[in-house]
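Reading the structure
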Number of protein chains: 2
Amino acid sequence: MSTNGTLTPFSHTCIIERDIIEGGFAVNEKEISLAVIKRLPRYYRYLGELREKGVERISSKELSEQMQVTASQIRQDFNNFGGFGQQGYGYNVKYLYEEIGKILGLDRNYRVIIVGAGNLGQALSNYSDFAKRGFLIEAIFDVKPELIGKKVGHLTVWDASLMEEYVTAGKCDIAALTLPKENAPAIAAKLVSWGIKAIWNFAPTDLNVPDHVVVENVHLAESLMRISYNLTEKLKR
Amino acid sequence: MSTNGTLTPFSHTCIIERDIIEGGFAVNEKEISLAVIKRLPRYYRYLGELREKGVERISSKELSEQMQVTASQIRQDFNNFGGFGQQGYGYNVKYLYEEIGKILGLDRNYRVIIVGAGNLGQALSNYSDFAKRGFLIEAIFDVKPELIGKKVGHLTVWDASLMEEYVTAGKCDIAALTLPKENAPAIAAKLVSWGIKAIWNFAPTDLNVPDHVVVENVHLAESLMRISYNLTEKLKR
């Protein structure tokens, strides 16, 4: 391994990245730190754009300039997956894109349902970008009579009473919860009992689900609070 | 300072938190680590709920059980802000809620505009929760003739050509970008030149803005990729 791309044992040290120190436990050298995992979707997005432009090879220096990450950070990150590149020769864009896609589990499709057909639920069903990545939104449910039967993109809003049969039949992997926070914990518990594997939670509340269920929260109010915090900090200077 | 709640100098060590090591630079003891800042919105949410229920005092043990964070983590976090509590007496909920609110910059209002009146833009304008926190959505803009003039909650969609005058007049602090990624960088550059202070970016692209402008990204596709990654990891076990 070259000095430029030394594999840091994440269990014993912290990676210093601009003004953040991040790291993760490593049970063995093959386990990848959470900090690296967090960066993978961004690499994947950039490599996808390069691929669309027909770029076949890219050096860590060029990628570094485009992504505003240091070249040594990029080399270090990719070394976690065996390097992907040859010294002085750059990375094969298509190969790297596909390998990172595999690590992210994007080499297969996921069936997604949306629980709550309000504006946010409707917005998510209309995102064509998700299908391109393999996240297929196949059904949208609501309890409100005025929404049931409404056309939302290529879907029709179904009565939430049909959800149990749908999920129990194993017809979906991920449920996006775009409903009021008061209803979210109870609906999440039902979805889990029907066998859902993952919940994409937009309700501003924490969900207590068993360990085998993946929960990913999108707490928009907390995102706004990070803005107000940063604005306040900048005013102090 | 008690042994239970020793203030760790974040510049010299990493906080070990479940399976994540996080930390941040500290120029002096008063500067707070990014890891703590990230947890504040969640504390704020829980304390807000306790306050609504009329709870006046809570021990770190009780708060710990509700939030599923260790009591020592809570004590350590709060010690960053001078402690807030007395040994064996618990925390004053209202005081703690207000102090964390001040740190997060929530003791004032922020004027927000929404750029892009599609489903997501409409969803954001209808979130009553944001106004409660002091984020007042005061205008929504679009370029599409079929959307201009449309009623969205308490607002009417305005022609995007009016945006320059609105932002230049200092009528808003934060712009939420809910428009296609192709248009986002150019619109962001214009908003910055008109004096916007913060951008809440929902477009799946990175924005290059000067240091004095706050950018907060909500990359939904990356959030989905964290789900697929975690589902894939669980399948391996």
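Since we're looking at a predicted model, the values are computed, not measured.

Rules used throughout
- Residues numbered from 1 in each chain as written.
- Chains lettered and ligands numbered in written order.
- Predicted model: local features only at pLDDT ≥ 70, side-chain atom pairs only at ≥ 80, totals over all residues.
- Heavy atoms only, no water.
- Helix = DSSP H or I, 4+ residues; strand = E, 2+ residues; numbered from the N terminus.
- Buried < 20%, exposed > 50% of the residue type's maximum accessible area, 1.4 Å probe, protein only.
- Contact = heavy atoms within 4.5 Å.
- Areas by Shrake-Rupley, 256 points an atom, 1.4 Å probe, with all protein chains shown as cover.
- Core = buried A, V, L, I, M, F, W, Y, C linked by side-chain atoms within 4.5 Å.
- Pairing = 2+ DSSP bridges.
- Salt bridge = Lys/Arg side-chain N within 4 Å of Asp/Glu carboxyl O.
- Axes fitted to C-alpha atoms, helices over the stretch in contact; angles between N-to-C directions.
- Parallel < 35°, antiparallel > 145°, perpendicular 65-115°, else oblique.
- Nonpolar A, V, L, I, M, F, W, Y, C, P; charged D, E, K, R; others polar.
- Buried area = accessible area lost by both parts, 1.4 Å probe.
- Polar contact = N/O pair within 3.5 Å; in protein donor to acceptor, adjacent residues only side chain to side chain.
- Least-squares fit on C-alpha atoms with pLDDT ≥ 70 in both.

So, on to the overall build of chain A. Each helix and strand counted, chain A has nine helices and 12 strands in total. Scored against the burial criterion, the 237 residues of chain A give a buried share of 51%. Looking at chain A alone, contacts between residues at least 24 apart form 54% of all its contacts between residues at least 6 apart. About 11,600 Å² of surface is accessible on chain A, with carbon and sulfur atoms providing 51% of the total.

What follows covers the nonpolar core. Most often, soluble globular proteins keep nonpolar side chains buried together rather than apart. Core analysis: the biggest nonpolar cluster contains 105 residues, and A:Trp200 and B:Trp200 have the highest contact counts within it. Dropping the residues within four chain positions of it, A:Trp200 is found in contact with A:Leu124, A:Phe130, A:Ile174, A:Ala175, A:Ala176, A:Leu177, A:Glu216, A:Val218, B:Leu220, B:Ser223, B:Leu224 and B:Ile227.

Attention shifts here to the pairing of strand β9 (residues 155–159) of chain B. Residues in a regular strand point their side chains to alternate faces of the sheet. All names here are of chain B. The sheet contact formed by strand β7 (residues 135–142) and β9 spans three bridges and is parallel. In the strand pairing of β9, Asp-142 is matched with Asp-159. Both strand β8 (residues 151–152) and β9 contribute to a ladder of two bridges, which runs antiparallel. What sits directly across from Val-152, in β9, is Leu-155. Linking β8 to β9, which pair antiparallel, is a turn of two residues; within it Gly-153 sits at a positive phi near 55 degrees.

To continue, consider the pattern of salt bridges. Counted by the stated rule, this structure contains 28 salt bridges over all chains. Among the ionic pairs, A:Asp206 bridges to B:Arg45, the shortest N-O distance being 3.2 Å. Of this pair, A:Asp206 sits in the loop between β11 (198–201) and β12 (214–217) while B:Arg45 sits in helix α1 (residues 34–52), on two different chains. Here A:Asp206 matches B:Arg45 in class, with each residue buried.

Turning our eyes to something else, we now look at the side chain of A:Asn201. Tracing the chain through its elements places A:Asn201 in strand β11. In this view, A:Asn201 contacts A:Leu177, A:Leu207, A:Glu216, A:Asn217, A:Val218 and A:His219; residues no more than four positions away in its chain are not counted.

As a further point, take the packing of α1(B) against helix α2 (residues 60–67) of chain B. All names here are of chain B. Contact geometry of α1 with α2 gives a least axis separation of 12 Å together with a crossing angle of 105 degrees. Between α1 and α2, the angle falls in the class roughly perpendicular. In this structure, α1 contributes Arg-42, Tyr-43, Tyr-46 and Leu-50 to the contact, and α2 contributes Leu-63, Gln-66 and Met-67. By residue class, the composition of the contact of α1 with α2 is five nonpolar, one polar and one charged.

With that settled, consider the environment of A:Ala160. Residues and elements named next belong to chain A. Counting through the fold element by element, Ala-160 comes out in the loop between β9 (155–159) and α7 (163–168). We classify Ala-160 as buried; its relative accessible area is 18%. Expressed as a C-alpha distance, the spacing of Ala-160 and Val-218, which sit 58 residues apart in the sequence, is 22 Å. For Ala-160, the residues in contact, after removing those within four places along its chain, are Phe-141, Asp-142 and Val-143.

Moving on, we come to the interface of chain B and chain A. Contact with chain B, which involves 70 residues of that partner, is made by 70 residues of chain A. Summed over both sides, the interface between chain B and chain A buries roughly 6,200 Å², with carbon and sulfur atoms accounting for 64% of that surface. Taken together, chain B and chain A are joined by 24 residue pairs in polar contact (both at pLDDT 80 or more). Ranked by residues supplied to the side of chain B that touches chain A, first place goes to helix α9 (residues 220–236) of chain B with 15 residues. Classifying every residue of the side of chain B that touches chain A gives 37 nonpolar, 15 polar and 18 charged.

Okay, the sheet that holds β9(B) next. Ordered in space as β8-β9-β7-β6-β10-β11-β12 (chain B), the seven strands form an open sheet in which the pairing is mixed. This sheet does not close on itself; its edge strands, each paired only once, are β8 and β12 (214–217) of chain B.

With that out of the way, let us pick up the relation of the copies chain B and chain A. The pair of chain copies shares a relation made of a rotation about an axis and a shift along it. Of the transformation superimposing chain B on chain A, the axial component is 0.0 Å and the angular component is 180 degrees, with the fit at an RMSD of 0.0 Å. Classification of the inter-copy transformation places it as that of a two-fold axis. Of the interface residues in chain B, 100% have counterparts in chain A that sit at the interface too, so the contact is made through matching surfaces.

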